[in-house]
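# Structural overview
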Amino acid sequence: MDLNQLKFNESHEWVAPDGKVGISDHAQKEITDVVFVELPTIGKAVVKGAEAGTVESVKAAFPIYTPVSGKVAAVNSALAKDPALVNQSPYENGWMFQVEISDRKELDSLMTHEKYQEFLKTETH
């Protein structure tokens, strides 16, 4: 996947032009070993910035926020069998769900990959 096509939010989720959503490589490293992913149901309406699912690791559970509004069109069912895909391939096989984006202008408020990398340098833990 071309990371320059992705848009990122400050809570470390990304969205692709086709509406696929996942978490960044930085986030999966912070979360560590993913053991369970709770995904939204297909057809559910999601609102930008709202919680849409959960990622659980050996450390804790972390909410997943949708970076865009729309309707959930698909979920990555492979994560049910192999949640570690989030760690192994956060931008390819570890995507979580796909949104039919209702307002493409919402993408403009998200960070490019380059701006996201700059944001990571300023973020404190």
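Residues numbered from 1 in each chain as written. Predicted model: local features only at pLDDT ≥ 70, side-chain atom pairs only at ≥ 80, totals over all residues. Heavy atoms only, no water.

Let's shift gears to the overall build of the protein chain. Along its length, the protein chain carries four helices and nine strands. Taking 2.2 N^0.38 as the reference for a compact globule, 125 residues should give roughly 14 Å; the C-alpha atoms of the protein chain span a radius of gyration of 13 Å, in line with that estimate. Dimensions of the protein chain, computed from C-alpha atoms along their principal axes, come out at roughly 35 × 35 × 25 Å. Per-residue burial for the protein chain yields a buried fraction of 46% across its 125 residues. Of the contacts made within the protein chain by residues no fewer than 6 positions apart, 62% connect residues no fewer than 24 positions apart. (Helix = DSSP H or I, 4+ residues; strand = E, 2+ residues; numbered from the N terminus. Rg over C-alpha atoms; globule rule 2.2 N^0.38 Å. Buried < 20%, exposed > 50% of the residue type's maximum accessible area, 1.4 Å probe, protein only. Contact = heavy atoms within 4.5 Å.)

Attention now goes to the side chain of E13. Within the fold, E13 resides in strand β2 (residues 13–15). We note that E13 is buried and unpaired, the nearest opposite charge coming from K48 at a distance of 11 Å. Separated by 3.0 Å, the side chain of E13 and the backbone nitrogen of Y65 make a polar contact. Contact partners of E13, with chain neighbours within four places excluded, come to K7, F8, G22, I23, P63, I64, Y65 and P67. (Lys, Arg positive; Asp, Glu negative; His and termini not counted. Salt bridge = Lys/Arg side-chain N within 4 Å of Asp/Glu carboxyl O. Polar contact = N/O pair within 3.5 Å; in protein donor to acceptor, adjacent residues only side chain to side chain.)

The next point concerns unusual backbone geometry. Negative phi characterises most residues that are not glycine, and trans characterises most peptide bonds. Although it is not a glycine, H12 adopts a positive phi angle of roughly 80°. Its place among the elements puts H12 in the loop between β1 (7–8) and β2. A relative accessible area of 12% places H12 in the buried class. At T32, a residue that is not glycine, the phi angle is positive and equals roughly 75°. Using a relative accessible area of 27% as the deciding quantity, one classes T32 as partly exposed.

Let us now look at the sheet that holds strand β6 (residues 51–57). Reading across from one edge, β4-β6-β7 is the order of the three strands in this open sheet, with antiparallel pairing throughout. Two strands lie at the open edges of the sheet, namely β4 (34–38) and β7 (61–65), each paired on one side alone. Direction aside, the axes of adjacent strands within the sheet are offset by 25° on average. Of the pairings in the sheet, the one linking β6 to β7 comprises five bridges and is antiparallel in character. For E51, the partnering residue across the bridge sits in β7 and is Y65. (Pairing = 2+ DSSP bridges. Axes fitted to C-alpha atoms, helices over the stretch in contact; angles between N-to-C directions.)

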